[in-house]
Amino acid sequence: MDLDRRTLLRAGLWGSALLGANTLGLSRPAEAAGPTPFRRIAVEEEFSTLELLLAQRKVLAENPPDEPGFTRFWGTMADSLGIWGVVQELVGLPGSRGLMRAFDLGEGRIEAMDAAGIDMQVLQLTSPGVQIYDAAQAGDLAQSTNERLAEAVRAHPDRLAGLATIAPQDPAGAARELERAVTTLGLKGGLINSHTRNEYLDDPKFWVIFEKAQELDVPIYIHPRVPARDMVKPFQEYFGLEAAAFGFPMDASLHALRLILSGVFDDYPRLQIVLGHMGEGLPFWLPRIDKKMALFASVKEPRRKLEKPPSHYFLENFHITTSGMNYHAPMKLAHEVLGPERVLFAVDYPFEENEDAVRAMDAAPFSDADKVKIYQTNAERVFKLSERAGPGA
Ligand code: CA
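Conventions adopted
- Residues numbered from 1 in each chain as written.
- Predicted model: local features only at pLDDT ≥ 70, side-chain atom pairs only at ≥ 80, totals over all residues.
- Heavy atoms only, no water.
- Helix = DSSP H or I, 4+ residues; strand = E, 2+ residues; numbered from the N terminus.
- Buried < 20%, exposed > 50% of the residue type's maximum accessible area, 1.4 Å probe, protein only.
- Contact = heavy atoms within 4.5 Å.
- 1 Å grid on protein atoms, 1.4 Å probe; cavity = no way out; pocket = protein on both sides within 12 Å on 5 of 7 lines; lining within 4 Å.
- Points joined across faces, edges and corners; volume = space filled by probe spheres on them.
- Nonpolar A, V, L, I, M, F, W, Y, C, P; charged D, E, K, R; others polar.
- Salt bridge = Lys/Arg side-chain N within 4 Å of Asp/Glu carboxyl O.
- Donors = N, O, S within 2.8 Å, 3.2 Å for Na, K, Ca; no water.
- Expected span 1.5 Å × (residues − 1).
- Bend = angle between axes of the 7 residues up to and from the residue.
- Core = buried A, V, L, I, M, F, W, Y, C linked by side-chain atoms within 4.5 Å.
- Pairing = 2+ DSSP bridges.
- Axes fitted to C-alpha atoms, helices over the stretch in contact; angles between N-to-C directions.
- Parallel < 35°, antiparallel > 145°, perpendicular 65-115°, else oblique.
- Left-handed = near helix turned anticlockwise from the far one by under 90°.

When its secondary structure is counted, the protein chain shows 19 helices and 9 strands. Looking at the protein chain as a whole, 57% of its 393 residues are labelled buried. For the protein chain, long-range pairs separated by at least 24 residues make up 78% of all intrachain contacts whose partners lie at least 6 apart in sequence.

Let us now look at the layout of surface pockets. In this model, the second largest pocket occupies a volume close to 420 Å³. If you trace the second largest pocket, you find 19 residues lining it, with Leu261, Met293, Ala297, Pro302 and Arg304 closest to the centre. For the lining of the second largest pocket, the secondary-structure elements that each account for two or more residues are α12 (247–262) and α15 (282–299). The element best represented in the lining of the second largest pocket is α15, accounting for 5 residues. Partitioning the lining of the second largest pocket into residue classes produces 9 nonpolar, 1 polar and 9 charged.

Tallied over the entire structure, the rule returns 20 salt bridges. Glu177 is the salt-bridge partner of Arg180, the closest N and O atoms lying 2.8 Å from each other. Pair noted here: Arg180 and Glu177 are both in helix α9 (residues 171–183), with a separation of 3 residues, about one helical turn. The exposure class of Arg180 is partly exposed, given its relative accessible area of 23%. A salt bridge links Lys212 to Glu179; the shortest N-O distance between them is 3.0 Å. Of the two residues, Lys212 is situated in helix α10 (residues 207–216) and Glu179 in helix α9; the sequence distance between them amounts to 33 residues. Glu179 sits in the partly exposed class, given a relative accessible area of 28%. Here the residues in one salt-bridge network are Asp66, Arg229 and Asp230, joined through shared partners.

The next point concerns the coordination of the calcium ion. For a metal with four tetrahedral donors the ideal donor-metal-donor angle is 109.5 degrees, whereas six octahedral donors ideally subtend 90 or 180 degrees. The protein atoms that coordinate the calcium ion are Glu44 (OE), Glu46 (OE), His223 (NE2), Asp348 (OD) and Asp348 (OD), at distances of 2.0 to 3.1 Å. The sequence pattern describing where the donors of the calcium ion fall on their chain is E-x1-E-x176-H-x124-D. Taken together, the positions of Glu44 in strand β1 (residues 41–47) and Asp348 in the loop between β9 (343–344) and α18 (354–362) put the pair 304 residues apart, joining distant regions of the chain.

Let us now look at α15. With 18 residues, α15 should reach 26 Å at 1.5 Å per residue; the first-to-last C-alpha distance of 24 Å fits that figure. The largest bend in α15 comes to about 35°, at Arg288. Along α15, the residues that are buried comprise Leu282, Pro283, Leu286, Ile289 and Asp290. Each element contacted by the buried residues of α15 is listed here: α12, β7 (273–275), α14 (277–280), α16 (310–317), β8 (318–321) and α17 (328–338).

Core analysis: the largest hydrophobic core is formed by 100 residues, its most contacted members being Phe210, Ile220, Phe345 and Phe383. Tallying contributions element by element places helix α8 (residues 135–155) first for this core, with 6 residues. In this structure, Phe383 is in contact with Val43, Val122, Leu163, Lys188, Pro219, Tyr221, Val274 and Leu344, ignoring residues within four places of it in sequence.

This part takes up the environment of Gly129. Among the secondary structure elements, Gly129 is positioned in the loop between β2 (120–125) and α8. Along the primary structure Gly129 and Thr145 are separated by 16 residues, whereas in three dimensions their C-alpha atoms are 9.8 Å apart.

With respect to topology, 6 strands assemble into an open sheet ordered β4-β5-β6-β7-β8-β9, the strand pairing being parallel. With partners counted over all chains shown, the strands left at the sheet margins are β4 (164–165) and β9, one partner each. With 2 bridges joining them, β4 and strand β5 (residues 190–192) adopt parallel strand pairing. Across the sheet, the residue bridging to Ala164 is Gly190, located in β5.

Overall, parallel pairing links the 3 strands, which are arranged β1-β2-β3 in an open sheet. Edge positions in the sheet fall to β1 and β3 (160–162), since each has one partner strand and no second. Along the sheet, successive strands turn relative to each other by an average axial angle of 35°, direction set aside. Looking at chain direction, β1 and β2 are connected through 5 bridges and run parallel. Bridge pairing in β2 places Ile41 opposite Met120. Lying on the sheet, helix α7 (residues 107–116) is in contact with β1, β2 and β3; it crosses β2 at an angle near 135°.

Attention now goes to the packing of α9 against α10. Axis separation between α9 and α10 bottoms out at 8 Å; the angle between their running directions is 20°. Taken as axis vectors, α9 and α10 run roughly parallel relative to one another. At the point where α9 passes α10, the crossing takes the right-handed sense. Residue-level inspection shows Pro171, Ala172, Ala174, Ala175, Leu178, Glu179, Val182 and Thr183 of α9 in contact with α10, the latter providing Val208, Ile209, Lys212, Ala213, Glu215 and Leu216. Considered class by class, the residues forming the contact of α9 with α10 number 10 nonpolar, 1 polar and 3 charged.

Shown next, in the form of C-alpha cells:
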C-alpha cells in the first residue's frame, strides 16, 4: 500500500476518533491527514508457521504430552476447524481465518496494519508455542522459528519487530538461543507460552534464562496457554472456558504470581516480564494478595521470604499490554494501578481485529501524553525499538 493511501486511511480513522472523548490534539479531521504525531506500535501480535502446525499435528497424533488441557482443546479445535486438512486450510475455511492470517508475515499483514493505522507490530509465536515438545524438538523448532521471524523482520524492518521463541525444556539452551536471537538476529526479547509441559518458571532450574535476559537487558513476554495438567479439569466441562475465555488468564496470572513469590526478582532485580490481556487480571488483585500473603506468611514460613510485598515486584518488574482487552473499565484500572509508563498497546492480531483495538485506545479516557506513552514510547523503551530493527535494517 502506498503512503498516500495509508495516510488517507489513517485520516479517516482519525476523523472517527474525533467523535470520541479524546482528540489527540487534533481539532478537526483535515489536520489528521498530515503526519501522525506518534507511532501506533502493537506488541502482542502473533504468527505461526506451517512447520509448527505440522509439528503440532504430529505430536498430537503420535506422542502427546501429559497435558489433558492441550490435547483436548487443540484436538477439538482441529477437528472442528479442519485445521489438519492443510490443503483445505489453504483454500480457507470459515472460522480458521485467524490461523490463516497468522501464517502471513508479509504483505497481507502489513496491509491489515495500514488499514487500521498501526505502524509497527512486535511479533511472537502463537500459543502453545514450543512448550509441548520434548527438549530436542523444542530447541530445534525455536531456532527455525526465530530464523523465519528474523527473515520477516528484515523484509519490513520499519514495520515489524519480533520476540525470540525459547524452549525452557533445556534451560541453558534457551538462554543461549535468547542470546543468539537478540545479538545476531536482532530480536527484541524472549517469548514463552506459559507453562512448559506443566512446569512453571519459578523453579530455579530455569533461572539461567532470567539471568541471561537481565544480562542482555531484554524482557521476557509470558503469553498464556491452556492451564497445566493439575489445574485444567474443572474448566473442561464448558468447552473454551479453558482457553482464551478464562483459562488463559488464570494460567498466566498464576505463573506470574509464582515467579513473584519465588524471589526471582530479588535475585534479578532488573528483570522485566511482559504480560498481555491487561496484566491477566492481576492489577485488580494486588492489594488483597499483599494482605493475605502477609497473613499466611505469619502462619507458615513461606518457601522464600521476599524483601518486598508481592505488589512491589508487579509494579517494578512487569509491564502489561492491552491485548484483546478493548474495554475501558479494565483499561482505566490498569492505567491507575501501574501508571502510564507500564501499559503498552497491543491488539492480539490475528485473533482480534486491529481496528477494534485502535478505536478503543483512541477513545480511551487518557491524556494525549499518556496515549503517546501507551502507543509508542513505552514499547520503544521496553523493546529498544528505536535501535536497529535487525541486521540490515
Ligand atoms: Ca495473544
